[in-house]
Structures are given as C-alpha cells and as structure tokens.
Amino acid sequence: MNFQKPCTFAKLMPRLKDSKSLAKIIQNLAQTRQLLQGKQLHSQLISSGYPLCTFLTNHLLNMYSKCGQLDYSVKLFDKMSQRNLVSWTAMVTGFSQNLHYFEAISTFCEMRIAGENPTQFAFSSVIKACASVGLVEFGEQIHCLALKFGFGSDIFVVSNLVDMYSKCGVMVNAYNVFQEMECKDEVLWTALIDGYAKNGPFEDALSAYKNMVKEGIGIDKFVLCSTLGACAALKALNFGKCLHSVMLKKGFELEISVGNALTDMYSKVGDMESASNVFGIDSDCRNIVACSSLIDGYVEMDRIEDALSVYVRLRRQGIEPNEFTFSSLIKACSSQATLEQGTQLHAEVIKFNFDGNPFVSSVLVDMYGKCGLLDDSIRVFDEIENATEFAWNSMLSVFAQHGLGKDAIQLFNRMKNEGVEPNAITFVSLLRGCSHSGLVEEGLSFFKAMEKTYGVMPREEHYSCVIDLLGRAGQLKEAEDLINKMPFEPNAFGWCSFLGACKIHGDKERGKLAAERLMQLEPENSGAPVLLSNIYAKEQQWEDVRTLRKMMQDFNVKKLPGYSWVDVGNKTHIFGVEDWSHPQMKAIYDKLNALSGQIKVAGYVPCTDSIPLDVDVSVKEKILQHHSERLAIAFALISIPSGKPIIVKKNLRVCSDCHSAIKYISKVIGRKIIVRDNSRFHHFSNGLCSCGDFW
C-alpha cells in the first residue's frame, strides 16, 4: 500500500472495518519509523470518529515511542480511559528506549501501584534504565521482583541484569546471575565480558572469552572489542594479536568499532607500529576515536612529535578533535614543559570551543604550571565555571611546584567551601607546598587531619612528604623519629629527601644511614653516594670522598650529569657543565663573562663550598661560573626578546651558588628569570627569589 498521501487513509477507512487491520498498518509504520504517515492515519481516525479502543491506542503509543515522539505517547496515555498491561509496558519501554530513564523507572513504579504485574519486556526496560543511571540498589529490588514473578530464567531479563550489575561495577552479582542461567547466549556472555573489561579483574574477561569459545557460542565484533579492552588494560599483546587474527578471519577488520578497538589496544600496549598499521587500513577507520588512541599511545611512549603529526593529519582530513585529543596532547606538553606547542594547542582548544570543558581546562592549568607560567595557570583555573576535583588538585599541584605553600592552603580552604572533598592527591600537593615554604606546623596539622577529619588514609608518599617537610626545616631528629614510627619502610623519595636534608644541614651520621638505605632500595641510583660524598666534602674529609668515588667506579654507578635546557622558538637548546658544543658558544661565553663581572660589582661572592672537589678556589670559581644553568641563561639573554620570559629547566637541584648568582643576574639585567630544577620552580626578579632562599 502507498501511505504517502493523507487522502489515501481517507479512502481506506471504509474498507478497514476491524481494528486488527488498522493495528497491522500502525505496527508497520512503527517498524519502518514512518512518523508523518502515522500522524496522518491518527488524524484520519480522529476526524472520521473511528472509536479508538485500548487495543488501537496501545499500537499508537508504541508507534510514537519508536519514532521518538514521546510527547504524543504521553498525551495519548494520559487520555486513555482504560489502560492495560500492554499500555503500561509500552510506556516503560518507550521511555527507556528514548533515554528517558528516570521516567521509565517512575512509570514502572506507577504500573505496580496500578496493580499490573510486569512482563519480561517491562522488567528488561526498567533494568536497562537502572543500569544507565547507576541506580544499582533500585536495580537489586527490581531483580528480587523479577525472581518473584518467575523471570529468573528469562534470557532477556537475565542479560539486562548482568549488564546492569556490570555497568554499576558490582561484578560479583553480575557473575552470580550469569552462573544461575543454564542456557547462555552470546548477549549474556558479552555482558559479562564487557563488565570485566570495564571494571576488572581484567584477567577474568580473558578467561570468560576462552570459556565462551569452548562452549561454541558465536563470536561477534562486540565481544571481540570488549575483550580487546581487557587486553589493553593488561598489556596482553599476544592475546590481543590472537583476537586480531580472529577478526581478520571473520572479516571484521574494516568495521569502524573494530578498527578503533585494535588501534586502542596496540597503542596501550606500546606497539605503535601495529597501531599505525591498523589506523591506515581504511580511511573510514580514521575517526576521532582511533586518532585519539594513536595520539595517546605516542604520548605515553614520549614520542611527542609523532603525536603532533597525527593531530596535523587528522585536521588535514577534516576530522574534528575532541576533549580526549586535546587532553593527551596538552598532557604531553606538560610532561616535557614545551610551552610553544602548549600555547598553540590552547588556541586550538578555544577555536573548537573546548575551553569551557573542565577536564581540558584542568590539563591546561597543569601545563602552564609545569612550563613556569604561574599567572597563566591561575587565569585558566579562575575561568573554569564548575571546577572538578581534578581541576582543584591541578591548581594545588602547581602552587606546590612553585613553592607557594600559603597560596596552596588558601586554595584548599576555597576548595572545602565549594564542597569539593579532598583526596590523597590533594594532601600530597598540600604537604609538598608546605615543605617548600617551611610551613612545618601547617604541614603537620594537615597530615594529622588527613585520616581523622577527611577519612584519607596516609600512604607512603604522604609520609615521604612529611620527612621532606621536617628535613628541609632542619628538624632531622623529628624526621628520623617519624621514619622509625612509620607503618612501612620509607620509599626512595623519603630516604632521598632525608639524605638531601642531611647534606644541607651537615649531619654526617644520619646522612650515612640514609645513603645506605637508599642504595639498598636503588643500587643503580647515583644520587645516594653523590650526596654522601658532598657531605664528606663539606667536612673536608677528602679520603672518604675518594673512597665513595672508588666504590662507584667498582660497581659501575655513574653520576647523573647535570644539564639545563631552554626553548627558543621551536627548538630546545641543551647545555652541560663547561659545554663548548653549541654553535653560538663564543657569544654565550662572552655574555657569561660580562655577567660575571656585573654581578661581582653588584655584590655577588662565589660560594665554593658547593664544589665537592679538593682543588684550588680559583678552579672552583671557574667551574661554578660555567654551570649549565648559567650557560642556558646567557644563551637565553642573547636569543630571547625582552618581552618574553626566560624559562630554564634543569635536571638536578640548583646549587646554592648558582641560586645566588641568578638572583644578582636578575637584578643587573632587570629581567625575570624562571628556573625549574628537579623539585620546584624558582622565580628570580630584582635580586630576589620566590623561594625566599628556602628550598
């Protein structure tokens, strides 16, 4: 029949004398989603005065629901003088299928109040609604009701129950329901495997897949994609390759969802060659999901140039980035402190209207903080309308990195006033901020309040932060007492912090103990013997210094060379101590010599104690003058215009003499200099440093 013209129904009306014929037509319109024709038929029924019985109205309810017109369904339903079980089921199912989950749940409850006993379709729909909104407790009640009405073995109800428990993370219940079902189909197996793949244990997802194959259940692309997700989480490359071969045999390789899952799996296990090959199989597979997976994989492998090249390719192909794309790329800029690329990505974020996304904004806060631009970090944070827990923690971490303990405490108080609950990460940042600012009492107060007030159990990293807090403040006995009372052995960071404090405050005995423990934990780490050697050198115990260096040679423990780097344009320039390899080295040394003369006139006096060598003072002064951070600063001064900030990064702790020299350099040249060492940022301006000489 042709249902394209309104008049067609008018001509048909005399011939359609029974409701069954009309119901069949409405059912066909519902299945084919012909909303306009359905409305036309409905209007003809009304205008002709045809009696709309409950039977026909139920079909109209279903038709409008399937076409996504719930407003019409609700109006019809409200006008019904008589409703039956089919009427209620149609409404519950319609709400659930159209993503109106809370309405589906409330309608189901009204249905029970009306005295109707739900069908398996009503149960399946309301369970799906509970899964989608995470109402697991209500879902458990529905589960009990389904058992009461004898649907405990219905495959549709059971599959939805397993899916509901899986999506709500209650895998024990999902497994128990799964086990109680004698005849299991592919939908039921897929629901269980998908639950394990998303919630863990991931090994159980692989085991379930193997059992599914043994049972001879048909494997489709959905269960393969879910199992690939578990392989990605476990970094189970060989199992993932086996699944890849199954996909090839079944001809799924050109399916978009399969291409996405394979690209993600290979990227997460670090096999970027295979990930790139899958990505390039078919142009349809190159969507934003696959692109983001590939970018994230390159970022995790520290292959930032490759990640950026993928971004350029996707833009050339007209693929629009999403929040995950930007988050991965900006995170990469944070880890490598590449400001130029980070600011360009920020411009892209604004262009694609993701600057209001709280997650992307949080990563930008972190990126600007790690690149040294504290003011930009604060500005981005202040522009976030509904700051998430992640955003607050990002800003707290930035304040800690820049040694701004008081600012971190003020932000923490704002965070509490906003009703955001602190977590373990929050307190790591707070304690580090207090440590770098000498706020001992405040830090200890936060440490004590963690479990008592906020219910956050202190972990190794929190104890290590308190060791660092006490050590930097010279309270070495208190730090040692804490170590002895800890519920577990300090980690490498804790012992390294304690050893560094012993070096700063000249405590040889405690330093020796800390060095021994650190060398036991990390025998390949040169930090322990070097710091202990510095302690001995400060006491002019040169024989002990030589003994330690001989031990390092015997065990092939090499001292980590100090180097500094600065970004000029799109290139990173790296400098070592007394480095003559740079093509502009003559100009750099000329600038450095001129600066040395200027700062001495301004009052700079070299601190040769920081050189742990038994050589003449003049030699020590020459070594200090050519430290890597000074070479980097000299190069920056001849290369970076005065309007741009000078940001130098260093892989080791800045020495006390360089710290003093850079203060004077900032004074004589009248420019702000930002130096990031291995633990924090120093902002030098007009002869002063933001750390207040406490670092």
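Residues numbered from 1 in each chain as written. Predicted model: local features only at pLDDT ≥ 70, side-chain atom pairs only at ≥ 80, totals over all residues. Heavy atoms only, no water.

## Thoughts on the environment of Val-568
Point 1. Summarising the element assignment, Val-568 is placed in strand β1 (residues 563–568).
Point 2. Distance from Val-568 to Ile-646, taken between C-alpha atoms, is 9.5 Å for residues 78 residues apart in sequence.
Point 3. With sequence-adjacent residues up to four places away left out, Val-568 is seen in contact with His-573, Phe-635, Ser-639 and Ile-640. (Helix = DSSP H or I, 4+ residues; strand = E, 2+ residues; numbered from the N terminus. Contact = heavy atoms within 4.5 Å.)

## Observations concerning the pairing of strand β5 (residues 681–685)
Point 1. The buried count for β5 comes to 4 of 5 residues, which makes it a mostly enclosed element.
Point 2. As defined by bridge partners, strand β4 (residues 673–676) adjoins β5 across 4 bridges and the pair is classed as antiparallel. Considered in β5, the bridge of Ile-673 is made with Phe-684.
Point 3. In sequence, β4 turns back onto β5 through a hairpin of 4 residues.
Point 4. By the bridge criterion, 2 bridges tie β5 to strand β6 (residues 688–689) in an arrangement that is antiparallel. Residue pairing for β6: Phe-684 is matched across the bridge by Cys-689.
Point 5. Here β5 folds back onto β6, and the loop between the two strands holds 2 residues, one of which, Asn-686, carries a positive phi near 55°. (Buried < 20%, exposed > 50% of the residue type's maximum accessible area, 1.4 Å probe, protein only. Pairing = 2+ DSSP bridges.)

## Focus on the domain arrangement of the chain
Note on interface size: it is often stated as the accessible area lost on association of the parts.
Point 1. Considered domain by domain, the chain is made up of domain 1 (459–555) and domain 2 (563–689).
Point 2. Just the C-alpha atoms count here: the centres of domain 1 and domain 2 sit 27 Å apart.
Point 3. In this complex, domain 1 contributes 8 residues to the contact, which on the side of domain 2 involves 5 residues.
Point 4. Between domain 1 and domain 2, a total of about 560 Å² is buried, with carbon and sulfur atoms accounting for 51% of that surface.
Point 5. Its largest share of buried area at the contact with domain 2, domain 1 owes to Arg-472, Trp-542 and Arg-549, together 58% of the area lost on that side.
Point 6. For the pair domain 1 and domain 2, the number of links is 0 salt bridges.
Point 7. There are 0 residue pairs in polar contact (both at pLDDT 80 or more) connecting domain 1 and domain 2. (Domains from an automatic or database assignment. Buried area = accessible area lost by both parts, 1.4 Å probe. Salt bridge = Lys/Arg side-chain N within 4 Å of Asp/Glu carboxyl O. Polar contact = N/O pair within 3.5 Å; in protein donor to acceptor, adjacent residues only side chain to side chain.)

## A short note on the nonpolar core
Point 1. Counting residues in hydrophobic clusters, the biggest one holds 183 residues, and the most contacted among them are Val-162, Phe-326, Ile-330 and Phe-498.
Point 2. Taken domain by domain, this core gets at least three of its residues from each of domain 1 (459–555) and domain 2 (563–689).
Point 3. If near-sequence neighbours (up to four positions away) are discounted, Phe-326 is found in contact with Tyr-311, Pro-321, Leu-345, Glu-348, Val-349, Phe-352, Phe-354 and Val-360.
Point 4. With 35 residues, the next largest nonpolar core counts Ile-623, Val-675, Cys-689 and Trp-695 among its residues. (Core = buried A, V, L, I, M, F, W, Y, C linked by side-chain atoms within 4.5 Å.)

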